[in-house]
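These are the residues of each chain, in order.
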Amino acid sequence: MEQEVYVTEAGLKQLKERLDFLKKVRRPEVSEKIGIARDYGDLSENAEYVAAKDEQGQVEGEIAELEEKVRLAKVINKKNIDTSKVSLGCSVKVLDTSFNEELEYKIVGSTESDPANGLLSNQSPAGKALLGGKVGDVVSYKSGAGMITMKILKIRA
């Protein structure tokens, strides 16, 4: 069964832009590299040709992956976000009780995840712990640093 890829409108736009770049810019560049390397002669001992073919495989693999993500994309509609509990697309302010520090995260699909910039995947341990939580709830999850406990302070779309 195919799994939906949850993205924001901005995230879907980024996926499509990256896909467009790969198809219109990178694919022709790599194709040109292959053609130039082919002109060097014997392909069995042609390092440039082998490298260009490897690069082509990487580009084509990324194109296929992005096409699949775009095909399976389910856009998180900001208007439909239920702020009575933590859900995909919402922002949540929490108190990290271990460090007595307030943090704010946006819960996004794994494609847009960027924890350093406050974008938590719904599939990450922290994202899973927060999902469904309500203001005032205390949630915990295990990380590489041990158990992390957070109190949900505010939820907004």
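Before going into details, it helps to say that this report is about the structure given with it. Every residue gets a number counted from 1 within its own chain, in the order that chain's sequence is written. Selection of residues for local features in this predicted model requires a pLDDT of at least 70, selection of side-chain atom pairs for listing and counting requires 80 or more, and totals for whole chains, interfaces and linings are taken over all residues. Note that the side-chain values use all heavy atoms of the structure and ignore hydrogens as well as water.

For the rest of this paragraph, the subject is the nonpolar core. Among the buried residues, those of types Ala, Val, Leu, Ile, Met, Phe, Trp, Tyr and Cys that are joined through side-chain atoms within 4.5 Å form a nonpolar core. Accessible area is worked out with a 1.4 Å probe on protein chains only. A residue is then buried under 20% of its type maximum, exposed over 50%, and partly exposed in between. Membership of the largest hydrophobic core comes to 19 residues, with the highest contact counts inside it found for Val86, Val92, Val94, Ile107, Leu130, Met150 and Ile152. Those elements that place two or more of their residues in this core are strand S3 (91-96), strand S4 (101-108), helix H3 (125-130), strand S6 (138-143) and strand S7 (146-156). Ranked by residues supplied to this core, first place goes to S7 with four residues. Setting aside residues no more than four positions away along its own chain, Ile107 makes contact with Val86, Ser87, Leu88, Gly89, Cys90, Val92, Leu120, Asn122, Leu130 and Leu131. In this text, helices come from DSSP runs of H or I with a minimum length of four residues, and strands from runs of E with a minimum of two, each type numbered from the N-terminal end. We call two residues in contact whenever any of their non-hydrogen atoms come within 4.5 Å of each other.

What follows is about the sheet that holds S4. Strand pairing follows a simple DSSP-based rule, namely that at least 2 bridges must link the two strands. Overall, mixed pairing links the five strands, which are arranged S5-S4-S3-S7-S6 in an open sheet. Because the sheet does not close on itself, it has two edges, and the strands there are strand S5 (119-121) and S6. Strand-to-strand, the axes of this sheet are offset by a mean angle of 45 degrees, without reference to chain direction. Sheet topology note: the S4/S5 ladder contains three bridges and is parallel. Paired with Lys106 across the strands is Leu119, a residue of S5. In this analysis, axes come from line fits to C-alpha atoms, helices being fitted only over the stretch in contact, and the angle between any two N-to-C directions falls in the range 0 to 180 degrees.

What follows concerns the side chain of Thr8. Note that Thr8 resides in the loop between strand S1 (5-7) and helix H1 (9-38). You can call Thr8 buried: its relative accessible area is 12%. In the analysis that follows, any N or O atom pair within 3.5 Å is treated as a polar contact, provided that within protein one partner can donate a hydrogen and the other can accept it, and provided that, for residues neighboring in sequence, both atoms belong to side chains. Within the local environment of Thr8, its side chain forms a polar contact with the side chain of Glu112, the two groups lying 2.6 Å apart.

Here H1 crosses helix H2 (residues 47-72) at 160 degrees, and the two axes come no closer than 9 Å. Judged by the inter-axis angle, H1 sits roughly antiparallel to H2. H2 is crossed by H1, and the crossing has left-handed handedness. Three residue categories are used. Nonpolar comprises Ala, Val, Leu, Ile, Met, Phe, Trp, Tyr, Cys and Pro, charged comprises Asp, Glu, Lys and Arg, and polar comprises the others, including Gly. Per-class residue counts for the contact of H1 with H2 are 13 nonpolar, one polar and 14 charged. To sort the angles, those under 35 degrees are grouped as roughly parallel, those over 145 as roughly antiparallel, those from 65 to 115 as roughly perpendicular, and the leftovers as oblique. Helix crossings are classified by the rotation of the near helix relative to the far one: an anticlockwise turn of less than a right angle makes the crossing left-handed, while a clockwise turn makes it right-handed.

As judged from the six bridges shared by S3 and S7, these two strands associate in the antiparallel manner. Each residue of the ladder has a partner; that of Val92, found in S7, is Ile155. Sheet topology places S6 next to S7; six bridges connect them, and they run antiparallel. Bridging from a neighbouring strand, Val138 pairs with Lys151 of S7. The hairpin turn running from S6 into S7, its antiparallel successor, is two residues long.

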